[in-house]
Amino acid sequence: MDLKTVLHPNHLALGARMVPFGGWDMPVQYSGILAEVKAVRTAVGIFDVSHMGRLYIHGPQAADFLDWVLTGSASGLRVGRARYCFICNPSGGVIDDTIFYRLAPDRFLLIPNAGNRADVVAWFQSQVDQNFPGGVTLDDRTMETGLIAVQGPDSAPLLDRLGQLDDGRPFSDLLPFNHADAHLPAIGPGVTVTAAHTGYTGEDGLELAMPNSAAPAVWETLRESGAVPCGLGARDVLRLEASLPLHGHEIDPSITPVEAGLRRFVRTEGEFVGSDVLHRQLREGTERKLVGLTLPGRSAPRAGYAILDHGDEIGRVTSGSYSPTLDTSIAMGYVLTEDAQAGRPVQVDIRGRLADAEIVSLPFYLRPRSS
(Lines give C-alpha, C1' and ligand atoms only; values in the text may rest on other atoms or scores of the structure.)
Protein backbone atom coordinates (compact mmCIF):
# COMPACT_ATOMS: atom_id res chain seq x y z
CA MET A 1 0.00 0.00 0.00
CA ASP A 2 1.31 3.45 -0.92
CA LEU A 3 2.20 5.82 1.88
CA LYS A 4 0.21 9.04 2.35
CA THR A 5 1.54 12.46 3.30
CA VAL A 6 -0.11 14.50 6.05
CA LEU A 7 -1.69 16.63 3.28
CA HIS A 8 -3.35 13.67 1.52
CA PRO A 9 -6.88 14.67 2.73
CA ASN A 10 -6.32 18.21 1.44
CA HIS A 11 -5.48 16.88 -2.03
CA LEU A 12 -8.60 14.72 -2.13
CA ALA A 13 -10.75 17.65 -1.02
CA LEU A 14 -9.40 19.70 -3.94
CA GLY A 15 -10.22 16.93 -6.42
CA ALA A 16 -6.60 16.20 -7.30
CA ARG A 17 -5.87 13.25 -9.55
CA MET A 18 -3.72 10.90 -7.48
CA VAL A 19 -1.03 8.52 -8.70
CA PRO A 20 1.52 6.23 -7.04
CA PHE A 21 5.00 7.78 -6.98
CA GLY A 22 8.08 6.58 -5.13
CA GLY A 23 5.94 4.48 -2.81
CA TRP A 24 3.51 7.32 -2.02
CA ASP A 25 0.01 8.26 -3.20
CA MET A 26 0.63 11.73 -4.65
CA PRO A 27 -1.28 14.38 -6.65
CA VAL A 28 -0.25 14.49 -10.31
CA GLN A 29 -2.46 17.50 -11.15
CA TYR A 30 -5.31 19.70 -9.90
CA SER A 31 -6.50 22.33 -12.43
CA GLY A 32 -4.25 20.96 -15.18
CA ILE A 33 -0.55 20.75 -15.91
CA LEU A 34 -0.42 23.72 -18.31
CA ALA A 35 -2.23 26.05 -15.88
CA GLU A 36 -0.06 24.88 -12.99
CA VAL A 37 3.18 25.43 -14.92
CA LYS A 38 1.99 28.94 -15.87
CA ALA A 39 1.18 29.73 -12.24
CA VAL A 40 4.73 28.88 -11.14
CA ARG A 41 6.37 30.75 -14.01
CA THR A 42 4.26 33.90 -13.56
CA ALA A 43 2.98 34.01 -9.96
CA VAL A 44 3.18 31.34 -7.24
CA GLY A 45 2.38 27.65 -6.94
CA ILE A 46 2.59 25.24 -4.02
CA PHE A 47 3.66 21.60 -4.06
CA ASP A 48 3.33 18.94 -1.40
CA VAL A 49 6.83 17.46 -1.37
CA SER A 50 6.43 15.69 1.97
CA HIS A 51 7.21 12.42 0.18
CA MET A 52 10.83 13.56 0.03
CA GLY A 53 12.91 12.31 2.95
CA ARG A 54 13.97 14.29 6.01
CA LEU A 55 17.10 12.66 7.42
CA TYR A 56 18.72 14.40 10.38
CA ILE A 57 22.39 13.59 10.84
CA HIS A 58 24.18 14.60 14.02
CA GLY A 59 27.13 13.76 16.23
CA PRO A 60 30.77 14.79 16.68
CA GLN A 61 31.76 13.16 13.37
CA ALA A 62 28.71 14.24 11.35
CA ALA A 63 30.64 16.65 9.09
CA ASP A 64 33.45 14.14 8.50
CA PHE A 65 30.90 11.44 7.67
CA LEU A 66 29.11 13.64 5.12
CA ASP A 67 32.45 14.64 3.60
CA TRP A 68 32.99 10.92 2.96
CA VAL A 69 29.58 10.01 1.49
CA LEU A 70 28.84 13.22 -0.49
CA THR A 71 30.47 14.84 -3.50
CA GLY A 72 30.07 18.27 -1.88
CA SER A 73 31.88 19.52 1.20
CA ALA A 74 29.99 19.44 4.49
CA SER A 75 32.84 20.62 6.71
CA GLY A 76 33.21 23.72 4.53
CA LEU A 77 29.50 24.61 4.71
CA ARG A 78 28.56 27.38 7.12
CA VAL A 79 25.66 27.03 9.56
CA GLY A 80 22.58 28.44 7.86
CA ARG A 81 23.66 27.38 4.37
CA ALA A 82 22.53 24.55 2.06
CA ARG A 83 24.32 22.67 -0.72
CA TYR A 84 23.28 20.49 -3.66
CA CYS A 85 25.44 17.45 -4.45
CA PHE A 86 25.42 13.67 -4.96
CA ILE A 87 25.56 10.44 -2.98
CA CYS A 88 27.68 8.12 -5.11
CA ASN A 89 28.65 4.46 -5.04
CA PRO A 90 32.31 3.36 -5.31
CA SER A 91 32.01 3.37 -9.13
CA GLY A 92 30.93 7.02 -9.11
CA GLY A 93 27.32 6.19 -10.04
CA VAL A 94 24.59 8.24 -8.42
CA ILE A 95 22.74 6.55 -5.55
CA ASP A 96 20.80 9.81 -5.16
CA ASP A 97 21.08 13.54 -5.58
CA THR A 98 20.34 15.63 -2.54
CA ILE A 99 20.29 19.01 -0.84
CA PHE A 100 21.67 19.14 2.67
CA TYR A 101 21.51 21.88 5.27
CA ARG A 102 23.89 22.69 8.12
CA LEU A 103 21.67 23.38 11.13
CA ALA A 104 24.48 23.52 13.71
CA PRO A 105 28.19 22.64 13.79
CA ASP A 106 27.38 18.97 14.44
CA ARG A 107 23.83 18.71 13.03
CA PHE A 108 22.63 18.50 9.41
CA LEU A 109 19.37 17.90 7.54
CA LEU A 110 19.62 15.90 4.30
CA ILE A 111 16.78 15.49 1.78
CA PRO A 112 16.82 12.21 -0.20
CA ASN A 113 14.34 11.46 -2.97
CA ALA A 114 11.19 9.58 -2.00
CA GLY A 115 11.93 6.36 -3.86
CA ASN A 116 15.56 6.30 -2.70
CA ARG A 117 15.09 7.10 0.98
CA ALA A 118 15.36 3.53 2.26
CA ASP A 119 18.42 2.86 0.10
CA VAL A 120 20.11 6.07 1.25
CA VAL A 121 19.43 5.33 4.92
CA ALA A 122 20.77 1.77 4.56
CA TRP A 123 23.87 2.97 2.66
CA PHE A 124 24.56 5.71 5.19
CA GLN A 125 24.15 3.33 8.13
CA SER A 126 26.57 0.86 6.56
CA GLN A 127 29.14 3.63 6.15
CA VAL A 128 28.61 4.84 9.73
CA ASP A 129 29.06 1.31 11.07
CA GLN A 130 32.16 0.74 8.95
CA ASN A 131 33.95 4.07 9.26
CA PHE A 132 32.34 6.24 11.96
CA PRO A 133 31.06 3.93 14.73
CA GLY A 134 29.74 5.91 17.68
CA GLY A 135 30.38 9.26 16.01
CA VAL A 136 27.23 9.75 13.92
CA THR A 137 23.50 9.29 14.53
CA LEU A 138 20.94 9.05 11.74
CA ASP A 139 17.39 10.15 12.55
CA ASP A 140 14.80 9.64 9.80
CA ARG A 141 11.92 12.02 10.58
CA THR A 142 10.14 11.81 7.23
CA MET A 143 6.89 10.49 8.71
CA GLU A 144 6.78 13.15 11.46
CA THR A 145 7.22 16.24 9.31
CA GLY A 146 5.74 17.95 6.26
CA LEU A 147 7.49 19.74 3.41
CA ILE A 148 5.81 22.32 1.16
CA ALA A 149 7.51 23.98 -1.82
CA VAL A 150 6.35 27.54 -2.52
CA GLN A 151 7.61 28.35 -6.02
CA GLY A 152 7.33 31.28 -8.41
CA PRO A 153 8.24 34.97 -8.59
CA ASP A 154 5.56 35.91 -6.04
CA SER A 155 6.63 33.30 -3.46
CA ALA A 156 8.63 35.51 -1.11
CA PRO A 157 6.16 38.44 -1.22
CA LEU A 158 3.32 36.07 -0.33
CA LEU A 159 5.26 34.65 2.63
CA ASP A 160 6.28 38.15 3.73
CA ARG A 161 2.58 38.89 4.24
CA LEU A 162 2.16 35.82 6.43
CA GLY A 163 5.20 36.03 8.72
CA GLN A 164 8.92 36.62 9.01
CA LEU A 165 12.18 34.93 9.83
CA ASP A 166 12.92 34.46 13.53
CA ASP A 167 15.64 37.14 13.37
CA GLY A 168 13.07 39.69 12.22
CA ARG A 169 13.98 39.75 8.54
CA PRO A 170 11.38 39.16 5.82
CA PHE A 171 11.42 35.90 3.87
CA SER A 172 12.50 37.93 0.83
CA ASP A 173 15.84 38.66 2.53
CA LEU A 174 16.79 34.99 2.59
CA LEU A 175 19.56 34.44 0.03
CA PRO A 176 19.63 31.43 -2.33
CA PHE A 177 20.75 28.22 -0.64
CA ASN A 178 20.34 29.78 2.79
CA HIS A 179 17.87 28.61 5.42
CA ALA A 180 16.43 29.97 8.65
CA ASP A 181 13.69 29.27 11.17
CA ALA A 182 10.60 31.40 10.70
CA HIS A 183 7.22 32.00 12.29
CA LEU A 184 3.85 32.47 10.58
CA PRO A 185 1.51 34.31 12.96
CA ALA A 186 -0.97 34.92 10.13
CA ILE A 187 -1.59 31.17 10.08
CA GLY A 188 -1.87 30.67 13.81
CA PRO A 189 -0.13 31.19 17.14
CA GLY A 190 3.08 29.25 17.49
CA VAL A 191 3.26 28.10 13.85
CA THR A 192 6.98 27.81 13.06
CA VAL A 193 8.74 26.45 9.99
CA THR A 194 12.26 26.03 8.66
CA ALA A 195 12.43 28.03 5.43
CA ALA A 196 15.04 27.33 2.74
CA HIS A 197 15.61 29.37 -0.43
CA THR A 198 15.70 26.25 -2.60
CA GLY A 199 13.49 24.48 -5.13
CA TYR A 200 13.19 22.13 -8.11
CA THR A 201 11.38 24.26 -10.68
CA GLY A 202 14.01 26.63 -12.07
CA GLU A 203 11.93 29.46 -10.63
CA ASP A 204 12.53 31.52 -7.51
CA GLY A 205 10.95 30.12 -4.38
CA LEU A 206 11.25 28.61 -0.93
CA GLU A 207 10.70 25.24 0.70
CA LEU A 208 9.11 25.02 4.14
CA ALA A 209 9.66 22.14 6.57
CA MET A 210 7.37 21.84 9.59
CA PRO A 211 5.83 19.39 12.05
CA ASN A 212 2.91 17.40 10.67
CA SER A 213 0.58 19.22 13.06
CA ALA A 214 1.21 22.54 11.27
CA ALA A 215 1.25 21.38 7.63
CA PRO A 216 -2.51 21.42 6.81
CA ALA A 217 -2.95 24.96 8.15
CA VAL A 218 0.12 26.18 6.26
CA TRP A 219 -1.09 24.57 3.02
CA GLU A 220 -4.61 25.97 3.26
CA THR A 221 -3.47 29.47 4.21
CA LEU A 222 -1.05 29.57 1.28
CA ARG A 223 -3.81 28.40 -1.05
CA GLU A 224 -6.33 30.91 0.31
CA SER A 225 -3.69 33.64 -0.11
CA GLY A 226 -3.48 33.00 -3.84
CA ALA A 227 -0.94 30.18 -4.28
CA VAL A 228 -2.04 27.63 -6.90
CA PRO A 229 -1.86 23.96 -5.84
CA CYS A 230 0.41 22.09 -8.26
CA GLY A 231 1.06 18.39 -8.77
CA LEU A 232 3.89 16.13 -9.86
CA GLY A 233 3.03 16.58 -13.53
CA ALA A 234 3.77 20.31 -13.46
CA ARG A 235 6.82 19.72 -11.28
CA ASP A 236 8.27 17.37 -13.88
CA VAL A 237 7.69 19.81 -16.75
CA LEU A 238 9.17 22.69 -14.74
CA ARG A 239 12.31 20.77 -13.76
CA LEU A 240 12.77 19.58 -17.36
CA GLU A 241 12.48 23.13 -18.70
CA ALA A 242 15.19 24.11 -16.22
CA SER A 243 17.20 20.99 -17.21
CA LEU A 244 17.31 19.65 -13.65
CA PRO A 245 18.05 15.90 -13.40
CA LEU A 246 15.56 13.30 -12.22
CA HIS A 247 16.90 10.19 -10.54
CA GLY A 248 16.11 7.12 -12.59
CA HIS A 249 16.27 9.18 -15.77
CA GLU A 250 19.27 11.54 -16.14
CA ILE A 251 21.08 10.05 -13.14
CA ASP A 252 21.15 6.57 -11.61
CA PRO A 253 23.70 4.16 -10.09
CA SER A 254 25.20 3.53 -13.56
CA ILE A 255 25.60 7.22 -14.46
CA THR A 256 28.10 9.61 -12.86
CA PRO A 257 27.56 13.31 -12.15
CA VAL A 258 30.35 14.14 -14.60
CA GLU A 259 28.57 12.31 -17.43
CA ALA A 260 25.41 14.20 -16.48
CA GLY A 261 27.18 17.54 -16.98
CA LEU A 262 27.09 18.30 -13.26
CA ARG A 263 30.82 18.41 -12.58
CA ARG A 264 30.49 21.68 -10.66
CA PHE A 265 28.86 19.72 -7.84
CA VAL A 266 31.83 17.35 -7.50
CA ARG A 267 34.74 18.31 -5.26
CA THR A 268 38.06 18.30 -7.09
CA GLU A 269 40.08 17.75 -3.90
CA GLY A 270 39.96 15.15 -1.15
CA GLU A 271 38.92 11.52 -0.97
CA PHE A 272 35.27 10.44 -0.83
CA VAL A 273 33.19 7.53 -2.05
CA GLY A 274 33.64 7.30 -5.83
CA SER A 275 36.28 10.03 -5.96
CA ASP A 276 38.84 7.90 -7.85
CA VAL A 277 36.45 7.45 -10.79
CA LEU A 278 35.02 10.97 -10.68
CA HIS A 279 38.41 12.68 -10.51
CA ARG A 280 39.63 10.61 -13.46
CA GLN A 281 36.57 11.63 -15.47
CA LEU A 282 37.13 15.27 -14.55
CA ARG A 283 40.66 14.98 -15.95
CA GLU A 284 40.05 12.79 -18.99
CA GLY A 285 36.43 13.36 -19.95
CA THR A 286 33.68 10.79 -20.57
CA GLU A 287 32.49 8.67 -23.50
CA ARG A 288 28.91 9.91 -23.27
CA LYS A 289 27.34 13.25 -22.50
CA LEU A 290 23.91 14.56 -21.52
CA VAL A 291 22.48 16.92 -24.14
CA GLY A 292 19.32 18.86 -24.78
CA LEU A 293 17.02 18.30 -27.75
CA THR A 294 14.34 20.52 -29.23
CA LEU A 295 11.58 19.31 -31.56
CA PRO A 296 8.92 21.49 -33.20
CA GLY A 297 5.33 21.03 -32.08
CA ARG A 298 3.98 18.84 -29.31
CA SER A 299 5.29 15.40 -30.33
CA ALA A 300 7.16 15.04 -27.07
CA PRO A 301 9.74 12.24 -26.99
CA ARG A 302 9.69 9.96 -23.97
CA ALA A 303 12.35 8.20 -21.94
CA GLY A 304 13.96 5.37 -23.86
CA TYR A 305 13.30 6.70 -27.37
CA ALA A 306 16.29 6.31 -29.69
CA ILE A 307 18.30 9.33 -30.88
CA LEU A 308 19.50 8.77 -34.46
CA ASP A 309 21.99 10.30 -36.86
CA HIS A 310 21.27 9.30 -40.47
CA GLY A 311 19.62 6.11 -39.23
CA ASP A 312 22.37 5.15 -36.79
CA GLU A 313 21.50 5.17 -33.10
CA ILE A 314 23.79 7.53 -31.16
CA GLY A 315 21.90 7.71 -27.88
CA ARG A 316 18.67 7.51 -25.92
CA VAL A 317 16.22 10.03 -24.51
CA THR A 318 16.07 10.20 -20.70
CA SER A 319 13.21 12.71 -20.26
CA GLY A 320 10.92 14.59 -22.63
CA SER A 321 7.81 16.75 -22.66
CA TYR A 322 6.02 19.56 -24.40
CA SER A 323 7.23 22.81 -22.84
CA PRO A 324 4.37 25.30 -22.40
CA THR A 325 6.82 28.03 -21.42
CA LEU A 326 8.86 27.64 -24.63
CA ASP A 327 5.97 26.36 -26.79
CA THR A 328 7.99 23.51 -28.26
CA SER A 329 8.87 19.93 -27.39
CA ILE A 330 12.07 19.39 -25.40
CA ALA A 331 14.04 16.42 -24.18
CA MET A 332 17.28 15.41 -22.54
CA GLY A 333 19.29 12.35 -23.43
CA TYR A 334 22.73 10.77 -23.58
CA VAL A 335 24.76 10.60 -26.77
CA LEU A 336 28.38 9.80 -27.49
CA THR A 337 30.53 12.81 -26.62
CA GLU A 338 31.74 13.02 -30.22
CA ASP A 339 28.12 13.52 -31.32
CA ALA A 340 27.17 16.10 -28.68
CA GLN A 341 27.78 19.37 -30.55
CA ALA A 342 25.08 22.01 -30.11
CA GLY A 343 23.30 22.74 -33.39
CA ARG A 344 23.70 19.19 -34.69
CA PRO A 345 20.57 17.93 -36.49
CA VAL A 346 19.39 14.49 -35.38
CA GLN A 347 16.21 12.43 -35.39
CA VAL A 348 14.20 10.87 -32.59
CA ASP A 349 12.30 7.63 -33.12
CA ILE A 350 8.82 8.39 -31.74
CA ARG A 351 6.95 5.08 -31.86
CA GLY A 352 8.35 4.27 -35.32
CA ARG A 353 8.12 7.80 -36.73
CA LEU A 354 11.39 9.68 -37.22
CA ALA A 355 11.01 13.24 -35.93
CA ASP A 356 13.58 15.90 -36.76
CA ALA A 357 15.34 17.36 -33.73
CA GLU A 358 18.32 19.52 -32.89
CA ILE A 359 20.91 19.15 -30.14
CA VAL A 360 20.98 22.30 -28.03
CA SER A 361 22.87 23.58 -25.02
CA LEU A 362 21.31 23.24 -21.59
CA PRO A 363 19.40 24.62 -19.79
CA PHE A 364 16.36 25.16 -21.97
CA TYR A 365 14.95 27.84 -19.65
CA LEU A 366 16.56 30.39 -17.34
CA ARG A 367 14.30 32.57 -15.23
CA PRO A 368 14.57 36.32 -15.78
CA ARG A 369 16.92 37.97 -13.31
CA SER A 370 15.37 40.61 -11.10
CA SER A 371 16.73 44.09 -11.63
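Preceding block: the structure.
Note that the structure is predicted; figures quoted are calculated from it, not measured. Counting starts from 1 at the beginning of each chain's written sequence and moves along it residue by residue. Side-chain atom pairs in this predicted model are given and counted only at pLDDT of 80 or more, local residue features only at pLDDT of at least 70, and totals for whole chains, interfaces and linings cover all residues. Side-chain metrics rest on all non-hydrogen atoms present in the structure, leaving aside hydrogens and water.

(A) A look at the overall build of the protein chain. Strands are runs of DSSP state E lasting at least 2 residues, helices are runs of H or I lasting at least 4, and numbering of each runs from the N terminus. Regarding its fold elements, the protein chain presents eight helices and 20 strands. Throughout, radius of gyration means the C-alpha value; the globule benchmark is 2.2 Å times the number of residues raised to the power 0.38. Against the 2.2 N^0.38 benchmark of 21 Å for 371 residues, the protein chain shows a C-alpha radius of gyration of 21 Å, consistent with a compact globule. Reported as C-alpha extents along the three principal axes, the dimensions of the protein chain are approximately 65 × 50 × 50 Å. A buried classification covers 57% of the 371 residues belonging to the protein chain. Between buried and exposed lies partly exposed: a residue is buried under 20% and exposed over 50% of the maximum accessible area for its type, with that area taken using a 1.4 Å probe on protein chains only.

(B) Local environment of the packing of aromatic side chains. Between the rings of Phe, Tyr and Trp (Trp by its six-membered ring), a pair exists once the centres lie within 6.5 Å; its type follows the angle of the planes, with under 30 degrees stacked, over 60 edge-to-face, and the other angles tilted. Throughout the structure, instances matching the rule amount to five aromatic pairs. An angle of 85 degrees between the planes, with centres 5.7 Å apart, marks the rings of Phe65 and Phe132 as edge-to-face. In this pair, Phe65 is assigned in helix α3 (residues 62–69) and Phe132 in the loop between α4 (117–131) and β8 (137–140), connecting sequence segments 67 residues apart. Exposure class is identical for Phe65 and Phe132. Each is buried. Between Tyr84 and Phe86, the ring centres sit 5.3 Å apart and the planes meet at 75 degrees, which makes this aromatic pair edge-to-face. Judged by its relative accessible area of 16%, Tyr84 falls in the buried class. An aromatic cluster is defined as three or more aromatic residues linked by ring pairs; in this entry it consists of Phe65, Phe124 and Phe132. Whether a charge lies above a ring is judged from NZ of Lys or CZ of Arg, which has to be within 6 Å of the ring centre and within 35 degrees of the ring normal. Looking at Arg41, its charged tip hangs above the ring of Tyr365, at a distance of 4.1 Å from the centre.

(C) Region of interest: the environment of Arg288. With respect to the element layout, Arg288 can be found in strand β15 (residues 288–295). With relative accessibility at 27%, the residue Arg288 sits in the partly exposed group. Separated by 45 residues in the primary sequence, Arg288 and Gly333 have C-alpha atoms spaced 9.9 Å apart.

(D) Here's a closer look at the sheet that holds β15. Read around the closed barrel, the six strands follow the order β15-β18-β17-β16-β19-β20; overall the barrel is antiparallel. In this sheet, adjacent strand axes meet at a mean angle of 45 degrees when their direction is disregarded. By the bridge criterion, eight bridges tie β15 to strand β18 (residues 328–336) in an arrangement that is antiparallel. The partner of Gly292 across the bridge, within β18, is Met332. Here helix α7 (residues 232–241) sits on the sheet in contact with β17 (312–323) and β18, set at roughly 125 degrees to β17. In this scheme, strands are said to pair when DSSP sees at least two bridges between them. Fitting a line to C-alpha atoms yields each axis, with helices limited to the stretch in contact; the angle taken between N-to-C directions then spans 0 to 180 degrees. Contacts between residues were defined by any pair of non-hydrogen atoms, one from each residue, lying within 4.5 Å.

(E) Highlighting the pairing of strand β1 (residues 17–21). Alignment of β1 against strand β2 (residues 24–29), held across five bridges, turns out to be antiparallel. Considered in β2, the bridge of Phe21 is made with Trp24. Hairpin connection, β1 to β2: the antiparallel pair is bridged by two residues, and Gly22 has positive phi, about 60 degrees.

(F) Representation of the packing of helix α2 (residues 33–42) against α7. Relative orientation of the contacting elements α2 and α7 amounts to 55 degrees, with a least axis distance of 8 Å. Taken together, α2 and α7 sit at an angle that is classed as oblique. Crossing of α2 against α7: the hand is right-handed. The residues of α7 that touch α2, namely those facing Ile33, Glu36, Val37, Val40 and Arg41, are Gly233, Ala234, Val237, Leu238 and Glu241. Under this grouping Gly is polar, as are all residues other than the nonpolar Ala, Val, Leu, Ile, Met, Phe, Trp, Tyr, Cys and Pro and the charged Asp, Glu, Lys and Arg. In terms of residue class, the contact of α2 with α7 is made up of six nonpolar, one polar and three charged. Each angle receives one of four descriptions, namely roughly parallel if under 35 degrees, roughly antiparallel if over 145, roughly perpendicular if within 65 to 115, and oblique otherwise. Helix crossings are classified by the rotation of the near helix relative to the far one: an anticlockwise turn of less than a right angle makes the crossing left-handed, while a clockwise turn makes it right-handed.

(G) A look at helix α6 (residues 215–224). Along α6, the residues classified as buried are Ala215, Val218, Trp219, Glu220, Thr221 and Leu222. Against the buried residues of α6 lie α1 (8–13), β3 (45–48), β9 (145–151), α5 (155–162), β13 (205–211) and β14 (228–230). One or two steps after α6, the chain reaches Gly226, where phi turns positive at roughly 115 degrees.

(H) Local environment of the nonpolar core. We define the nonpolar core as a collection of buried residues of types Ala, Val, Leu, Ile, Met, Phe, Trp, Tyr and Cys that are connected through side-chain atoms lying within 4.5 Å of one another. Membership of the largest hydrophobic core comes to 39 residues, with the highest contact counts inside it found for Phe47, Val49, Phe86, Tyr101, Leu238, Leu278 and Phe364. Counting residues per element, the ones that place at least two in this core are α2, β5 (82–88), β6 (94–104), β7 (107–111), β9, α7, α8 (275–284) and β18. Residue contacts for Tyr101: discarding those within four places in its chain leaves Arg81, Ala82, Arg107, Phe108, Leu109, Ile111, His179, Ala196, Thr198 and Glu207.

(I) Structural view of the environment of Glu271. Looking at where Glu271 falls in the secondary structure, it is placed in the loop between α7 and α8. Taking the relative accessible area as the measure of exposure, Glu271 reaches 61% and is therefore exposed. For Glu271 and Trp68, which are 203 residues apart along the polypeptide, the C-alpha to C-alpha distance reads 7.1 Å. Beyond its immediate sequence surroundings of up to four residues, Glu271 is in contact with Asp67 and Trp68.

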